[in-house]
Amino acid sequence: MTSNRDAIAQLGEYRRSIDNFDAALIHILAERFRVTKAVGALKASADLPPSDPNREAEQVARLRELAKSADLDPDFAEKFLEFVIREVIQHHKQAASK
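Before going into details, it helps to say that this report is about the structure given with it. As the structure is a prediction and not an experimental result, all values here were calculated from the model. (Residues numbered from 1 in each chain as written. Predicted model: local features only at pLDDT ≥ 70, side-chain atom pairs only at ≥ 80, totals over all residues. Heavy atoms only, no water.)

### Digging into the packing of helix H1 (residues 4–45) against helix H3 (residues 74–96)
Any two packed helices are characterised by how steeply their axes cross, that is the angle between the axes, and by the distance between the axes. Applicable threshold: Note on geometry: axes are lines fitted to C-alpha atoms, helical ones only across the stretch in contact, with angles between N-to-C directions running from 0 to 180 degrees. Secondary structure elements follow DSSP: runs of H or I of four or more residues count as helices, runs of E of two or more count as strands, with numbering from the N terminus. Roughly parallel here means an angle under 35 degrees, roughly antiparallel means over 145, roughly perpendicular means 65 to 115, and every remaining angle is called oblique. By definition, any crossing whose near helix is turned counterclockwise from its far helix by less than a right angle is left-handed, and any crossing with a clockwise turn is right-handed. Should any heavy atoms of two residues lie within 4.5 Å, those residues are counted as being in contact. When residues are grouped by polarity, Ala, Val, Leu, Ile, Met, Phe, Trp, Tyr, Cys and Pro land in nonpolar, Asp, Glu, Lys and Arg in charged, and all others, Gly among them, in polar.
One can describe the packing of H1 onto H3 by two numbers: an axis separation of 8 Å at closest approach and a directional angle of 40°. Between H1 and H3, the interaxial angle falls into the category oblique. Regarding H1 and H3, the two cross each other, and that crossing is right-handed. Residue-level contacts link Leu29, Arg32, Phe33, Thr36, Lys37, Val39, Gly40, Ala41, Lys43 and Ala44 of H1 to Phe80, Leu81, Val84, Glu87, Val88, His91, His92, Ala95 and Ala96 of H3. Looking at side-chain class alone, the contact of H1 with H3 contains 11 nonpolar, 4 polar and 4 charged residues.

This is the structure we're talking about:
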C-alpha cells in the first residue's frame, strides 16, 4: 500500500506533467490557428468558401484512425477536431468579411 506522503508526492509529479502537456497543447493550437488564419486570408482573397466539407471529412477520418492507434477514444478525437474546425471556419468567415 502506498503511503499518503508518497501518494501526494506522486500526485504532484503527475500534475506537473499534466501542466506541461496543457502548455504544449495551447502552444500547438496557437500555431495551428496562425496557419489556419493564413488559409482563411488566402481563401478570402481567392473568393473561396470558408469551409471545405470534403477536407473536413478526410481530417475526421484521419484523426479517428490516429486516435485508435494512440489508444485514444476516436469519438473524443472527432469531437475535439469538430470543435477546432468550427473555430477555424469562424476565423475564415471573419477574414472573408473584411
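### Some points on the environment of Arg86
What counts here: Under the scheme applied here, a residue whose accessible area is under 20% of the maximum for its type counts as buried, over 50% as exposed, and between as partly exposed, the area being computed with a 1.4 Å probe on protein chains only.
Position of Arg86 relative to the elements: it lies in helix H3. Classification of Arg86 as exposed rests on a relative accessible area of 52%. Sequence-wise, Arg86 and Gln59 are 27 residues apart; in three dimensions their C-alpha atoms are separated by 13 Å.

### Looking at the packing of helix H2 (residues 53–69) against H3
As a packed pair, H2 and H3 sit with axes 9 Å apart at the nearest point and diverge in direction by 145°. When you trace H2 past H3, the crossing you get is right-handed. Between H2 and H3, the residues in contact are Glu56, Gln59, Val60, Leu63, Arg64, Ala67 and Lys68 and Pro74, Asp75, Ala77, Glu78, Leu81, Ile85 and Ile89, respectively. Per-class residue counts for the contact of H2 with H3 are 8 nonpolar, 1 polar and 5 charged.

### Some remarks on a nonpolar patch on the surface
Quick note on the threshold: The patches reported here contain residues having more than 30% relative accessible area and no salt bridge. Joining distances are 9 Å for like charges and 5 Å for nonpolar side chains (Val, Leu, Ile, Met, Phe, Trp, Tyr). In short, Shrake-Rupley with a 1.4 Å probe defines the accessible areas, and a residue's cover is counted only from the protein chains shown. Note on definitions: salt bridges are taken to be side-chain nitrogens of Lys or Arg within 4 Å of carboxyl oxygens of Asp or Glu.
Together, Leu72, Phe76 and Phe80 make up an exposed nonpolar region whose accessible area comes to about 290 Å². For Phe80, the position within the fold is in helix H3. Judged by relative accessible area, which is 39%, Phe80 ranks as partly exposed.

### Some points on the side chain of His91
Its place among the elements puts His91 in helix H3. Those residues within four positions of His91 in sequence are excluded, and the remaining contacts are Phe33 and Lys37.

### Some remarks on the environment of Leu48
Topologically, Leu48 is positioned in the loop between H1 and H2. Judged by its relative accessible area of 47%, Leu48 falls in the partly exposed class. In the structure, Leu48 is positioned 14 residues away from Arg62 in sequence and 24 Å away in space, judged by C-alpha atoms.

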